[in-house]
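Descriptive analysis of the structure
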Amino acid sequence: ASTTKIMTALLAIESGRLDETVSITDEMLRTEGSCMGLRDGDKMTLKELVTGMMLTSGNDSANAVAYFISGGIEEFVALMNKRAKQLGMNDTCFVTPSGLDEGDHHSTAYDMALLTAHAVKSSVFCEIVSTKSARLVIGGEKVTVYNHNKLLSRDDAYFGVKTGFTEKAGRCLVSAREYNGNKLIFVTLNAPDDWNDHEKLLDECEGKYNEYQVSDNLSINVV
C-alpha cells in the first residue's frame, strides 16, 4: 500500500533536485484513491511535493514525483525496482509509485524494514516524515496538510514513517523511533490494530535491549 511511498520519497531525495520547481500537469493527476488535491498548473518545489505526499499519502503527488524524476510511471518504477535490488529487497516488486494495487505489486515486512533503515540515514527524509503539519500552496491557496501518522502525537520519540491502506493489503504501518541513541524500525502489514501493535513491539524491544559494560571506556547495546 502507501508504505511504497517511502521508496518514492527516497528516490526524490537521492535525485538531488529537491529545490527544483515541479509544474503539475493533467497527466500526473490521472490516479485514484487518496489525493493531495493537486491541480493542473500548480507549481511547488520537489521537496514540498514529497512533504505533501508523505503527510497526506497523496497518490497524485506520488505520480507527480515519478513524472518529474523519470518522465513517466514505467520509467520511475524501473528505477524503484533497481534501487530495491541494490538495497537487498529480494522479495519486492514495485508496479506503482503510490502503492495502489496493480499487477504483482508486493513487498514484505523485512524488505520494508531494509528500505526504511536506509532511508532514515537521510536527515532530509527524517525531517519530512517527522513533520506533523505543513503549509503548502495547492490550487492557488495556502492550505495546511496534516500527517496521518498518529504515533507522532503519542510519543515524541517517534519520528516517522508512513501509513498505508488498500483493501488488498489491509492496514500497513512503518514506524521509526529513537531509543538509547539508536533508531528502531517497526513494520506491520495487514494489521488491523497497527497503532497498538507498534507500541507492543516497542515494549518487546525494550524488554530485550540490554547494555553491557565490557571495559572502562566501551559499552555495547545488545537486543
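Residues numbered from 1 in each chain as written. Predicted model: local features only at pLDDT ≥ 70, side-chain atom pairs only at ≥ 80, totals over all residues. Heavy atoms only, no water.

1. Description of the packing of helix α2 (residues 46–56) against helix α3 (residues 59–70)
When two helices pack together, you describe them by how their axes are tilted relative to each other and by the distance separating the axes. Interaxial distance between α2 and α3 falls to 9 Å at its minimum, and their mutual angle equals 150°. In the crossing of α2 with α3, the sense of the turn from one axis to the other is left-handed. Of the residues in α3, those in contact with Leu46, Leu49, Val50, Gly52 and Met53 of α2 are Ser61, Ala62, Ala64, Val65, Phe68 and Ile69. Class assignment of the residues belonging to the contact of α2 with α3 gives a composition of 9 nonpolar, 2 polar and no charged. (Axes fitted to C-alpha atoms, helices over the stretch in contact; angles between N-to-C directions. Helix = DSSP H or I, 4+ residues; strand = E, 2+ residues; numbered from the N terminus. Left-handed = near helix turned anticlockwise from the far one by under 90°. Contact = heavy atoms within 4.5 Å. Nonpolar A, V, L, I, M, F, W, Y, C, P; charged D, E, K, R; others polar.)

2. Describing the packing of aromatic side chains
Within this structure, the stated rule accounts for 0 aromatic pairs. When the ring centre of Phe68 is taken as origin, the NZ or CZ atom of Arg17, which lies over that ring, is 4.1 Å away. (Phe/Tyr/Trp six-rings, centres within 6.5 Å; stacked < 30°, edge-to-face > 60°. Lys NZ or Arg CZ within 6 Å of the ring centre and 35° of its normal.)

3. Some details on the nonpolar core
Residues Met7, Leu46, Leu49 and Phe125 are the most contacted members of the largest nonpolar core, which totals 51 residues. Setting aside chain neighbours within four positions, we find Met7 in contact with Met80, Arg83, Ala84, Leu87, Met89, Phe94 and Leu115. The next biggest cluster of nonpolar side chains, apart from the first, holds 10 residues, and it includes Leu151, Tyr158, Leu184 and Trp195. (Core = buried A, V, L, I, M, F, W, Y, C linked by side-chain atoms within 4.5 Å. Buried < 20%, exposed > 50% of the residue type's maximum accessible area, 1.4 Å probe, protein only.)

4. Focus on the sheet that holds strand β6 (residues 170–179)
Pairing is antiparallel in the open sheet, where 3 strands are placed in the order β5-β6-β7. Single-partner strands in this sheet number two, and they are β5 (158–166) and β7 (182–188). Each strand of the sheet is rotated relative to its neighbour by a mean of 10°, with strand direction disregarded. Here 7 bridges tie β6 to β7, and the two strands are oriented antiparallel to one another. Along β7, the bridge assignment pairs Ala176 with Ile185. (Pairing = 2+ DSSP bridges.)

5. Things to note about the side chain of Ser2
Mapped onto the elements, Ser2 comes out in the segment before α1 (5–14). A distance of 3.0 Å separates polar atoms of two side chains, one belonging to Ser2 and the other to Ser57. Leave out the neighbours within four places in its chain, and Ser2 touches Ser57, Asn59, Ser98, Gly99, Lys162, Thr163, Gly164 and Phe165. (Polar contact = N/O pair within 3.5 Å; in protein donor to acceptor, adjacent residues only side chain to side chain.)

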